[in-house]
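What follows is the residue order along each chain.
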Amino acid sequence: MLNGIDISHHNRDQIRRGSLNIAAPDFVIMKATEGKTYHDPEMANYIGLMDHERQLLGFYHYCRPENGNSPYSEALHFCRTISKYVGVAVLALDVEEKALDYPNIGRWVLSWCRSVESMTGVKPLIYCQRSALSKFKEAAAADFGLWLAAWIKSKPQKCEPWRFMAIWQNNGYNIDTDYFFGSPAQWKKYAAVAGRK
């Protein structure tokens, strides 16, 4: 099991004050994009602060289907932004807040994941809270992995419709902390382009 954090521009002040050391955990997942046009302004800075010899990298996209955006347009924006890191970084879709109330959000998410897989050759993970898991049966059946948000003391025992979770976000206070249930080699398999050795 690996320990990690997930960060965005919201953590800027913690990092500038030095109360959050990006180079400490085993992996860092950072926000890259949101919607069709937004780029996280701290992404490049955070990448520069990492220990690339030791640490594993991931990126996530915060979806905004409630703004009328198509899954394809948001996937294209994300993939263009992180293209330099395809095959190295784990990719993920963050689905929360207003997006969870969007009609047919399960189909929207499946379409986004398939678009990213088509553009990059990498199968992205889906980040969501426990109460929303049932909305994503189609994506789970299509073998897109789970990054589960559950701020509890012990590992959640159930995550249906998934058989298991790849990542568990176990704390959202002060800084989001995560566990990856695997080795560095397994992380790299999640990040790998299909068919590339």
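Before any of the text, the structure's been laid out above.
Section: helix α3 (residues 71-82)
Taking 1.5 Å of rise per residue, 12 residues should cover 16 Å, and α3 covers 17 Å from first to last C-alpha, within 8% of that figure. Of all the 12 residues making up α3, nine are buried; the element is thus mostly covered by neighbouring parts of the structure. Among all positions of α3, only P71, S73, E74, A75, H77, F78, C79, T81 and I82 are buried. Looking at the buried positions of α3, the neighbouring elements they touch are β2 (27-34), β3 (38-39), α2 (43-49), β4 (56-62), β5 (90-94) and α4 (105-120).

Some details on unusual backbone geometry
For residues that are not glycine, phi is negative in most cases, and the peptide bond is trans in most cases. Going from E160 to P161, the amide bond is cis rather than trans, its omega being 15°. Within the element layout of this structure, P161 appears in the loop between β7 (146-149) and β8 (167-171). Unusually for a residue other than glycine, E97 sits at a positive phi of about 50°. Structurally, E97 is set in the loop between β5 and α4. For D143, which is not glycine, the phi dihedral falls at a positive 70°.

A look at the packing of aromatic side chains
Within this structure, the stated rule accounts for eight aromatic pairs. The interplanar angle of 75° and the centroid separation of 6.1 Å between the aromatic rings of Y60 and W147 together place this pair among those described as edge-to-face. Here W147 lies in strand β7 and Y60 lies in strand β4, a separation of 87 residues in the sequence. With 5.7 Å between their ring centres and 85° between their planes, F180 and Y190 make a pair best called edge-to-face. Residue F180 is located in strand β9 (residues 176-180), and its partner Y190 is located in helix α6 (residues 184-191); the two are separated by 10 residues in the primary sequence. Of the aromatic side chains, those joined through ring pairs into one cluster are F27, F180, W187 and Y190. Over the face of the ring belonging to F144 we find K123, whose NZ or CZ atom lies 4.1 Å from the ring centre. For the cation-ring pair, K155 lies above F181, with the distance from its terminal atom to the ring centre recorded as 4.1 Å.

Cut-offs and rules
Residues numbered from 1 in each chain as written. Predicted model: local features only at pLDDT ≥ 70, side-chain atom pairs only at ≥ 80, totals over all residues. Heavy atoms only, no water. Helix = DSSP H or I, 4+ residues; strand = E, 2+ residues; numbered from the N terminus. Expected span 1.5 Å × (residues − 1). Buried < 20%, exposed > 50% of the residue type's maximum accessible area, 1.4 Å probe, protein only. Contact = heavy atoms within 4.5 Å. Phe/Tyr/Trp six-rings, centres within 6.5 Å; stacked < 30°, edge-to-face > 60°. Lys NZ or Arg CZ within 6 Å of the ring centre and 35° of its normal.

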